[in-house]
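Residue strings, one per chain:
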Amino acid sequence: MFFKSKEAMRILLLLTFGITSCTPSEVTRADEAFSGDSAYVYVEKQLASGPRYPGAPGRPAFQEWLEHELTQLGWVVVQQSFEYKGAALVNFIASHPHNEGTAPIILAAHYDTRRFADRDAWHEDQAVPGANDGASGVAILLELARVFTEYSPSHDLVLVFFDGEDQGRIEEWDWAVGSQYYVDHLTLDPSAVVIVDMVGDHDLNLPYERSSDPDLVASIWATGQELGFEQFMYEPGPSLIDDHIPFIQKGIPAIDIIDFTYPQWHTTADQLDKVSAESLGVVGKTLERWLIEFASEDRTTR
Ligand SMILES: [Zn+2]
């Protein structure tokens, strides 16, 4: 349906970005290590705690596990606790001691899962397991945390795990509550913000989200296509409310990498078997490469 334009755009992107934006030594580095299989295990481990919505029984165990995983990898974790409509919410912010600058790249995902599966025809009063909607993004961040412990990406990377993204319209909650709080209290001056959400679908297709920063879209999509990942389709997808919006509203370049075509979205069928290690690998390897290349550019001009 989009073959002709996609192929043409792929070639254009390769010519525009692939050759001019990075030196050969950066492109051919052989030690990239993001593993889709490892990321998949991170999804599996999150699901073992059950749903992760505010107040969920398994949520404290999940939060403890998340902090433990990051700490064990050498990351320093700060909990940003706050209250929203009487509920205790907490964002987890992780940085690595080898990061020293002041204009980091923020890579973020929401870890909360939706309290009610309100798009489920039969179980709308049950919670969403959140294998793709929640766990897939967190898994990408954790696997990148592992990779960038093994070698320095030579730039500043901050990983943020947002709470309160996915309870919109339940008991009059807003969407993206955790990211809004984070942005309202931001002390960093990030050069770019990358959100990953719902990126584990077996049938992964990534048209770009329309509110996302166009330069970041072009740069990341070109990287994905350089790696041969045609899932990065350089064509407009939906316009969504997600954790990138509070950053954009504050004038910070932000992007939402999301495959919104997911039949199990906000249903009880959003389970482990709907997630693909290969798809996680497509997104994770692209971000790994992009983070290395982006860091090598002169970010003072951004
Ligand atoms: Zn959701």
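Residue positions within a chain follow its written sequence, with the count starting from 1. Owing to the predicted nature of the model, reporting of local features is limited to residues with pLDDT of at least 70; listing and counting of side-chain atom pairs is limited to 80 or more, with chain, interface and lining totals taken over all residues. Processing note: side-chain calculations cover all non-hydrogen atoms of the structure and skip hydrogens and water entirely.

(A) The arrangement of the overall build of the chain in detail. A count of helical and extended segments in the chain gives nine helices and eight strands. Any two residues having at least one pair of non-hydrogen atoms within 4.5 Å are treated as being in contact. Within the chain, contacts between residues separated by at least 24 positions form 79% of all contacts whose residues are at least 6 apart in sequence. A total accessible area of about 12800 Å² is found for the chain, and carbon and sulfur atoms account for 53% of it. Put simply, DSSP marks the helices as runs of H or I at least four residues long and the strands as runs of E at least two long, and each gets a number from the N terminus on. Only the protein chains shown count as cover for residues, and the accessible areas themselves come from Shrake-Rupley with a 1.4 Å probe.

(B) Inspection of the sheet that holds strand 1 (residues 76-84) at higher detail. Spatially, six strands are ordered 1-2-4-3-5-8 in an open sheet, and the strand pairing comes out mixed. Lying at the two open borders of the sheet, with one neighbouring strand each, are strand 1 and strand 8 (254-258). When strand polarity is set aside, the average angle formed by the axes of neighbouring strands in this sheet is 20°. Whether two strands pair comes down to DSSP finding at least two bridges between them. When strand 5 (residues 192-197) meets strand 8, the two strands line up parallel, connected through five bridges. Bridge assignment links Asp-197 to a residue of strand 8, and that residue is Ile-258. A fitted line through C-alpha atoms represents every axis, and for helices the fit uses only the stretch in contact; the resulting angles, taken between N-to-C directions, go from 0 to 180 degrees. The sheet strands contacting helix 4 (residues 59-72) are strand 1, strand 2 (87-95) and strand 4 (157-162), and the helix crosses strand 2 at an angle near 10°. The sheet strands contacting helix 5 (residues 131-150) are strand 3 (105-110), strand 4 and strand 5, and the helix crosses strand 3 at an angle near 145°.

(C) Structural view of the coordination of the zinc ion. Any N, O or S atom lying within 2.8 Å of the metal counts as a donor, and for Na, K and Ca the limit rises to 3.2 Å; water is left out, so some sites can look incomplete. Within the protein, the zinc ion binds to Asp-133 (OD), Asp-166 (OD), Asp-166 (OD) and His-266 (NE2); these donor distances fall in the range 1.9 to 2.5 Å. Because the angles between the four donor atoms bound to the zinc ion fall within 57 to 148°, the donor set is best described as irregular. When the donor residues of the zinc ion are listed from N- to C-terminus, their spacing reads D-x32-D-x99-H. Of this pair, Asp-133 sits in helix 5 while Asp-166 sits in the loop between strand 4 and helix 6 (177-184), and the two are 33 residues apart along the sequence. Taken individually, Asp-133 and Asp-166 each receive the classification buried, so the pair is uniform in this respect. Angular criteria define each label, namely tetrahedral for four donors with all angles between 85 and 135 degrees, square planar for four and octahedral for six donors with opposite donors over 155 degrees apart and remaining angles between 65 and 115, and irregular for whatever fails these tests. Between buried and exposed lies partly exposed: a residue is buried under 20% and exposed over 50% of the maximum accessible area for its type, with that area taken using a 1.4 Å probe on protein chains only.

(D) Structural context of the pairing of strand 4. The buried fraction of strand 4 amounts to six of the six residues, a majority that puts the element mostly inside the structure. Here strand 2 pairs with strand 4 via four bridges, running antiparallel. Residue Ile-93 lies in a different strand from strand 4, and its bridge partner there is Val-160.

(E) Looking closely at the packing of aromatic side chains. Pairing of aromatic rings covers Phe, Tyr and Trp, the last through its six-membered ring, and needs centres within 6.5 Å; plane angles under 30 degrees mean stacked, over 60 mean edge-to-face, and all others mean tilted. Counted by the stated rule, this structure contains twelve aromatic pairs. With a centroid separation of 4.1 Å and 5° between ring planes, the pair formed by Phe-82 and Tyr-181 is classed as stacked. Taken together, the residues Phe-82 in strand 1 and Tyr-181 in helix 6 connect sequence positions 99 residues apart. Note on Phe-82: relative accessible area 9%, which makes it buried.

(F) Examining the nonpolar core more closely. By convention a nonpolar core is built from buried Ala, Val, Leu, Ile, Met, Phe, Trp, Tyr and Cys residues, the set being connected through side-chain atoms within 4.5 Å. Residues Leu-70, Leu-159, Phe-161, Ile-257 and Leu-287 are the most contacted members of the largest nonpolar core, which totals 56 residues. Top contributing element to this core by residue count: helix 5, with eleven residues. Leaving out residues up to four positions away in the same chain, Leu-159 has contacts with Leu-70, Trp-75, Phe-92, Ile-93, Ala-94, Leu-107, Leu-141 and Ala-145.

(G) Local environment of the packing of helix 3 (residues 36-47) against helix 5. Where helix 3 contacts helix 5, the axes come no closer than 8 Å and their chain directions differ by 130°. Comparing the axis directions of helix 3 and helix 5 gives the class oblique. As for how helix 3 packs across helix 5, the hand of that crossing is right-handed. Of the residues in helix 5, those touching helix 3 at Ser-38, Ala-39, Tyr-42, Val-43, Gln-46 and Leu-47 are Ala-131, Gly-134, Ala-135, Ser-136, Val-138, Ala-139, Leu-142, Glu-143 and Arg-146. Note that Gly is not counted as nonpolar here; it falls among the polar residues with everything else outside the nonpolar set of Ala, Val, Leu, Ile, Met, Phe, Trp, Tyr, Cys and Pro and the charged set of Asp, Glu, Lys and Arg. A per-class count over the contact of helix 3 with helix 5 returns nine nonpolar, four polar and two charged. Working rule for angles: under 35 degrees goes down as roughly parallel, over 145 as roughly antiparallel, 65 to 115 as roughly perpendicular, anything else as oblique. Helix crossings get a hand from a simple test, with the near helix turned counterclockwise from the far one by less than a right angle marking a left-handed crossing and a clockwise turn marking a right-handed one.

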